[in-house]
Amino acid sequence: MNIGELRLKDILTDYKIEEREFEYADVKGVAEFFGWQIIFFRKQADLLNTIALSFSEIEDENLISLANSILEHIDIDVMFGDNLSKIIKIYGEANSFDHIYENMTRYNYLIEPSLFIVFGIKEDKMVYLEIITDKAMIDDVFNLREML
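Rules used in this analysis
Residues numbered from 1 in each chain as written. Predicted model: local features only at pLDDT ≥ 70, side-chain atom pairs only at ≥ 80, totals over all residues. Heavy atoms only, no water. Buried < 20%, exposed > 50% of the residue type's maximum accessible area, 1.4 Å probe, protein only. Helix = DSSP H or I, 4+ residues; strand = E, 2+ residues; numbered from the N terminus. Arc of directions from axis to C-beta. Contact = heavy atoms within 4.5 Å. 1 Å grid on protein atoms, 1.4 Å probe; cavity = no way out; pocket = protein on both sides within 12 Å on 5 of 7 lines; lining within 4 Å. Points joined across faces, edges and corners; volume = space filled by probe spheres on them. Nonpolar A, V, L, I, M, F, W, Y, C, P; charged D, E, K, R; others polar. Polar contact = N/O pair within 3.5 Å; in protein donor to acceptor, adjacent residues only side chain to side chain. Pairing = 2+ DSSP bridges.

Q: Help me understand helix α3 (residues 84-91) in this model?
A: One full turn of an α-helix is made of 3.6 residues, so residues set three or four places apart face in the same direction. Of the positions making up α3, those classed as buried are Leu-84, Ile-87 and Tyr-91. Angularly, the buried residues of α3 cover 60 degrees about the axis, an arc narrow enough to put them on a single face. Next to the buried residues of α3 lie β6 (105-112), β7 (115-122) and β8 (125-132). Directly after α3, the chain includes Gly-92, whose backbone phi takes a positive value near 80 degrees.

Here it is in structure tokens:
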């Protein structure tokens, strides 16, 4: 899964995308935002490569459609609105899970040292997705979440 060349402004050409300095998991960089629900992040040390994608509270039909159009650019095999059994069928059992968000369970998958995916499930539907491809950042985030 290569997200490095993805730019939110290139995918959502008909929408206003905000870009600004941002800190993601204690890493400084630049992020592209579609509202607060969709974030593409590049770290300061390598502004050419997107290393993290975050989709939060993707629940209404318009936002689901928009977010799923973004996922078509990623080799992930799941879409917003899919259920947990489909995710488990594709990715197996999660390495860990947490309940830090109300009414949602996040399933953390360390696919490989440089690919960490988190699926958030609410009422048996995927409404949250996080993908991180930077190994150092993954080590920090994965270790922290295993302690939750």
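Q: Which parts of the structure should I look at to understand the layout of surface pockets?
A: A water-sized probe rolled over the atoms picks out the places where empty space is left. Roughly 260 Å³ of internal volume is contained in the largest pocket. For the lining of the largest pocket, the elements supplying multiple residues, two or more each, are β1 (18-24), β8 and α4 (135-146). In terms of residues, the lining of the largest pocket owes the most to one element, α4, which gives four residues. For the lining of the largest pocket, the per-class residue count stands at eight nonpolar, two polar and five charged.

Q: Please clarify how the side chain of Asp-82 should be interpreted in this entry.
A: Topologically, Asp-82 is positioned in the loop between α2 (61-71) and α3. In this structure the side chain of Asp-82 is engaged in a polar contact, spanning 2.7 Å, whose partner is the backbone nitrogen of Met-79. Side chain to side chain, Asp-82 and Lys-86 meet in a polar contact 3.1 Å long. Excluding residues that lie within four positions of it along the chain, Asp-82 makes contacts with Asp-124, Lys-125 and Met-126.

Q: Is there a simple way to think about the environment of Ile-88 in this case?
A: By secondary structure assignment, the location of Ile-88 is in helix α3. When the C-alpha positions of Ile-88 and Tyr-107 are compared, they lie 9.8 Å apart, and in sequence the two are 19 residues distant. Here Ile-88 is in contact with Glu-93 and Tyr-109, once residues within four sequence places are set aside.

Q: Sorry, what's going on with the pairing of β6 here?
A: Along any regular strand the residues' side chains alternate between the sheet's two faces. Relative to β6, strand β5 (residues 96-98) runs antiparallel, the two sharing three bridges. Looking across to β6, one finds that Ser-96 is bridged to Asn-108. What sits between the antiparallel neighbours β5 and β6 is a turn of six residues, in which Asn-103 has the positive phi angle 65 degrees. Examined bridge by bridge, β6 and β7 share seven bridges and lie antiparallel to one another. Note on β7: the bridge partner recorded for Leu-110 is Phe-116. Linking β6 to β7, which pair antiparallel, is a turn of two residues.

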